[in-house]
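Residue-level listing of the chains:
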Amino acid sequence: MLSRRSQTEATPLSMTVDRSDPATAHIRVGGDLAYTTAGPLRAEVDRVLADAPATLVLDFSDLLFIDSTGLGVIVHAWREGQQCGTALRLHAVPRFLGTILDMTGVTGLLDRPLGEGLTAPAEGAAGTA
């Protein structure tokens, strides 16, 4: 049996979108959220956020794998949501994703109140050019 790392093809990404509540968009994500599969989710996030719902829920009930590109889609959803006034909520986060979110600091980013976190660092601060 091949380990997950030795497999060459990703499990296809599956998505279902529920817009039955105008205030909350719900996207359920399944399969592998990776470099080769993340594009459709990012596009759907952008479509949903164009309507600026109060909340966007990303439901990871069926997620099997995520890589840095998939993590980038989550951060993109948070950042774009901040710009249009939409709060991002994650639902049914599998243990492996929770660990990645914690290790990368994304958990702290997602916990920030709406509207906080988009300010640029002070001039001359470490890491600025």
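For the structure, check the block above.
**Section: the side chain of Thr37**
Part 1 of the reasoning: Along the chain, the position of Thr37 falls in the loop between β2 (24-33) and α1 (38-49).
Part 2 of the reasoning: For Thr37, the side chain forms a polar contact with the main-chain oxygen of Asp32, separated by 2.5 Å.

**Some details on helix α3 (residues 95-104)**
An α-helical segment advances 3.6 residues per turn. Residues three or four places apart therefore align on the same side.
Part 1 of the reasoning: Where α3 is concerned, the buried positions are Leu97, Gly98 and Leu101. Viewed end-on, α3 has its buried residues packed into an arc of 100°, placing them on one side of the element. Along α3, the residues that are exposed and aim more than 90 degrees away from the buried face are Arg95 and Met103.
Part 2 of the reasoning: Looking at the buried side of α3, the elements it contacts are β3 (55-66), α2 (68-84), β4 (87-91) and α4 (106-110).
Part 3 of the reasoning: Where α3 ends, the next residue or the one after it, Gly105, has phi of about 85°, a positive value.

**Considerations on α1**
Part 1 of the reasoning: Compared with an ideal rise of 1.5 Å per residue, which puts twelve residues at 16 Å, α1 spans 17 Å between its outermost C-alpha atoms and is within 8% of the ideal.
Part 2 of the reasoning: Along α1, the residues classified as buried are Ala38, Leu41, Glu44, Val45, Val48 and Leu49. Down the axis of α1, the buried set is contained in an arc of 130°. They therefore lie on one face.
Part 3 of the reasoning: Turning to α1, the residues buried within the fold contact β1 (14-21), β2, β3 and α2.

**Brief notes about unusual backbone geometry**
Part 1 of the reasoning: With phi around 45°, Ala52 is a residue other than glycine that occupies positive phi space.
Part 2 of the reasoning: As for its position among the elements, Ala52 is in the loop between α1 and β3.
Part 3 of the reasoning: For Ala52, a relative accessible area of 37% corresponds to the partly exposed category.
Part 4 of the reasoning: Backbone geometry at Ala92 places phi at a positive 50°, although glycine is not the residue there.
Part 5 of the reasoning: Along the chain, the position of Ala92 falls in the loop between β4 and α3.

Rules used throughout
- Residues numbered from 1 in each chain as written.
- Predicted model: local features only at pLDDT ≥ 70, side-chain atom pairs only at ≥ 80, totals over all residues.
- Heavy atoms only, no water.
- Helix = DSSP H or I, 4+ residues; strand = E, 2+ residues; numbered from the N terminus.
- Polar contact = N/O pair within 3.5 Å; in protein donor to acceptor, adjacent residues only side chain to side chain.
- Buried < 20%, exposed > 50% of the residue type's maximum accessible area, 1.4 Å probe, protein only.
- Arc of directions from axis to C-beta.
- Contact = heavy atoms within 4.5 Å.
- Expected span 1.5 Å × (residues − 1).

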